[in-house]
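# Coordinate inspection notes
The lines below spell out each chain.
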Amino acid sequence: MLVTKNAIVRWTANKTKSHYIDKGYHYTFIGDEFLIPVNDLPSSSNVKVEVVCDYCGTNLYKQFGKYLRSREASPIKKDACKKCHPLKTKEGNLLLYGVDHYTQLPQERLKIGNRRRLNTEFIFMEFKKRGLTLLTKQYKNSSQILEYTCENHNDKGTQKGSWSNIKHQTGCGFCGAEIGAKKLRLSFQIVKERCDELGFILLTCNEEYINSKSVLKVVCIKHPENGEIQTSYDALRYVQGCRDCFKDRNSHANCYNWKGGISSIKDYLRTKIKKWRKDSLNFHENKCLITQKEAEIVHHIYSFEYLLELSLKKTGIPVRDNISKYSKEEKKLLGETVVEVHYEHGYGAALTQEIHLLFHKIYGQHAAPNHFWEFVRLYKVPI
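Residues numbered from 1 in each chain as written. Predicted model: local features only at pLDDT ≥ 70, side-chain atom pairs only at ≥ 80, totals over all residues. Heavy atoms only, no water.

### Considering the overall build of the protein chain
Across its full length, the protein chain holds 16 helices and 12 strands. Rg of the C-alpha trace for the protein chain: 42 Å, well past the compact-globule value of 21 Å for 383 residues, more than 25% over. C-alpha extents for the protein chain along the principal axes are approximately 110 × 75 × 45 Å. Per-residue burial for the protein chain yields a buried fraction of 35% across its 383 residues. Pairs at least 24 apart in sequence give 44% of the contacts found in the protein chain among residues at least 6 apart. Surface accessibility of the protein chain: about 25,000 Å² in total, with carbon and sulfur atoms responsible for 53%. Considering the protein chain, the positive charge centre built from 61 side chains and the negative charge centre built from 42 side chains are found 6 Å apart. (Helix = DSSP H or I, 4+ residues; strand = E, 2+ residues; numbered from the N terminus. Rg over C-alpha atoms; globule rule 2.2 N^0.38 Å. Buried < 20%, exposed > 50% of the residue type's maximum accessible area, 1.4 Å probe, protein only. Contact = heavy atoms within 4.5 Å. Areas by Shrake-Rupley, 256 points an atom, 1.4 Å probe, with all protein chains shown as cover. Lys, Arg positive; Asp, Glu negative; His and termini not counted. Charge placed at Lys NZ, Arg CZ, Asp CG, Glu CD.)

Encoded structure:
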């Protein structure tokens, strides 16, 4: 249904000027606006008018010319939005043909079937072009399962497939797999050069190499004790040697997080502060400082790394890259000192696991004491 009653238009120097003059409008100047009833618009006008869908009541806007054509082209003089347009089409088909869609008419179905169906001779020739011999005698349609043999793969016997699939292929499925493999295959020389670049001895020969995904047998020159390694060229494009080569490049001083071996002694000394942890929990009566629930964690208000650094300075013992390089006397002295430094800086904070994770999520792993007390002030539950 057309909602718009009037429209504002302009005088222009084209045939619409004559149209409005013929309608009895007084011409003024090019570009001047004037108000007219919507029915006085030219039949080809692109002025947008508001229309209500006669099926769902949705408001939509159409060019006036398209609005007229949509009504003239259909026996159903109704307006429809895009969503409801199939309903209008169905209503028109019922009126004209007595069916929901014209293709339901027997004569139309026959026309469509004859137009789409290919004959057996054509299919036979198409199979022959692809190196296939069609065994099925009667062709019905493109989805019919057909039997055939391949000239290049007679050993595979009778194969099956529909014309809708085979028309996109070159040969049978086995032919397609071979073509795909050839596309993936790099020259054996490129593979050998990559192995030499990585320090590998390539054991696979040219005859055994298939493509970039096939198994390659190599031996690492730097770590021959690891023996034969199985990999592929795809993997070699992203690795830089064997696993031991990777460890060599990323361990100890080569690691981005290397701190001179401090992690080795840190793990050992963490086991020496069990009493301090127990005393910290007792001091807080086993209750979380924030929630007053049962505590599970003792949080270092002064980070363990900071207290360890003080202990190392206090004892004068240098950092070594392995715990085995410390003597018994040094380990004992460091253990006693780190406990002593812990007590000098007070008890730790008793927290639940959830609160502890929340704190480090907000402030990171090496937060200062003032960060912790700020956290307490913000999140402590009133008693």
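After that view of the structure, there is still more to cover.
### Description of the sheet that holds strand 6 (residues 145-150)
If you trace the 3 strands from one edge of the open sheet to the other, you get 5-6-7, paired in antiparallel fashion. Two strands close off the open sheet at either side, each with one partner strand: strand 5 (132-134) and strand 7 (159-162). Between one strand axis and the next, the sheet turns by 45 degrees as a mean value, whatever way the strands run. Inspection of the sheet shows strand 6 paired to strand 7 by 4 bridges, in the antiparallel sense. Each bridged residue has a counterpart across the sheet, and for E147 the counterpart in strand 7 is K160. Docked against the sheet, helix 5 (residues 120-129) engages strand 5 and strand 6, running at close to 155 degrees with respect to strand 5. (Pairing = 2+ DSSP bridges. Axes fitted to C-alpha atoms, helices over the stretch in contact; angles between N-to-C directions.)

### Concerning the pairing of strand 6
As defined by bridge partners, strand 5 adjoins strand 6 across 3 bridges and the pair is classed as antiparallel. In the sheet register, L134 faces strand 6, and the bridge partner there is Y148.

### As for the side chain of S311
Locating S311 in the fold gives a position in helix 13 (residues 304-315). Setting aside chain neighbours within four positions, we find S311 in contact with L334, T337, V338 and V341.

### Considerations on the sheet that holds strand 10 (residues 229-231)
Taken together, the 3 strands give an open sheet; going across it, the order is 8-9-10, and neighbouring strands pair in antiparallel fashion. Looking at the sheet topology across the chains shown, the edges are occupied by strand 8 (200-202) and strand 10. When strand polarity is set aside, the average angle formed by the axes of neighbouring strands in this sheet is 40 degrees. As defined by bridge partners, strand 9 (residues 216-220) adjoins strand 10 across 3 bridges and the pair is classed as antiparallel. Note on strand 10: the bridge partner recorded for L216 is T231. Strands strand 8 and strand 9 of the sheet are contacted by helix 8 (residues 188-198), whose axis makes an angle of about 150 degrees with strand 8.

### Here's the deal with the nonpolar core
Ranked by internal contacts, the top residues of the largest apolar core, which has 19 residues, are Y20, F34, I36 and L41. Residue contacts for F34: discarding those within four places in its chain leaves A7, I8, V9, R10, W11, Y20 and Y25. The next biggest cluster of nonpolar side chains, apart from the first, holds 14 residues, and it includes F188, L198, F200 and C242. (Core = buried A, V, L, I, M, F, W, Y, C linked by side-chain atoms within 4.5 Å.)

### Thoughts on unusual backbone geometry
Here N286, not a glycine, exhibits a phi torsion of approximately 60 degrees, which is positive. As for its position among the elements, N286 is in the loop between helix 12 (274-283) and strand 11 (297-299). Judged by relative accessible area, N286 falls into the partly exposed class, the value being 36%. At Q292, a position not held by glycine, the phi torsion is positive, near 70 degrees. Considering the arrangement of structural elements, one finds Q292 in the loop between helix 12 and strand 11.

### With respect to the packing of helix 15 (residues 353-363) against helix 16 (residues 369-379)
Remark: helix 15 packs on helix 16, axes separated minimally by 11 Å, with the N-to-C direction vectors making an angle of 120 degrees. Classified by the angle between their axes, helix 15 and helix 16 sit oblique to one another. In this structure, the crossing between helix 15 and helix 16 has a hand that is right-handed. Only H371, F372, E374, F375, L378 and Y379 of helix 16 make contact with helix 15, whose side of the interface consists of I355, L358, F359, I362 and Y363. Here the residues of the contact of helix 15 with helix 16 are counted per class, giving 9 nonpolar, 1 polar and 1 charged. (Parallel < 35°, antiparallel > 145°, perpendicular 65-115°, else oblique. Left-handed = near helix turned anticlockwise from the far one by under 90°. Nonpolar A, V, L, I, M, F, W, Y, C, P; charged D, E, K, R; others polar.)

### So, a nonpolar patch on the surface
On the surface, L95, L96 and Y97 cluster together into a nonpolar patch covering about 330 Å² of accessible area. Its place among the elements puts L95 in helix 3 (residues 85-96). (Patch = residues over 30% accessible without salt bridge, like charges linked within 9 Å, V, L, I, M, F, W, Y side chains within 5 Å. Salt bridge = Lys/Arg side-chain N within 4 Å of Asp/Glu carboxyl O.)

### Section: the pairing of strand 1 (residues 6-10)
Burial along strand 1 is one-sided: A7 and V9 are buried, and none of N6, I8 and R10, which face the opposite way, are. For strand 1 and strand 2 (residues 33-37), the ladder comprises 5 bridges, and the chain directions are antiparallel. Residue pairing in the sheet places A7 in a bridge with I36 of strand 2.

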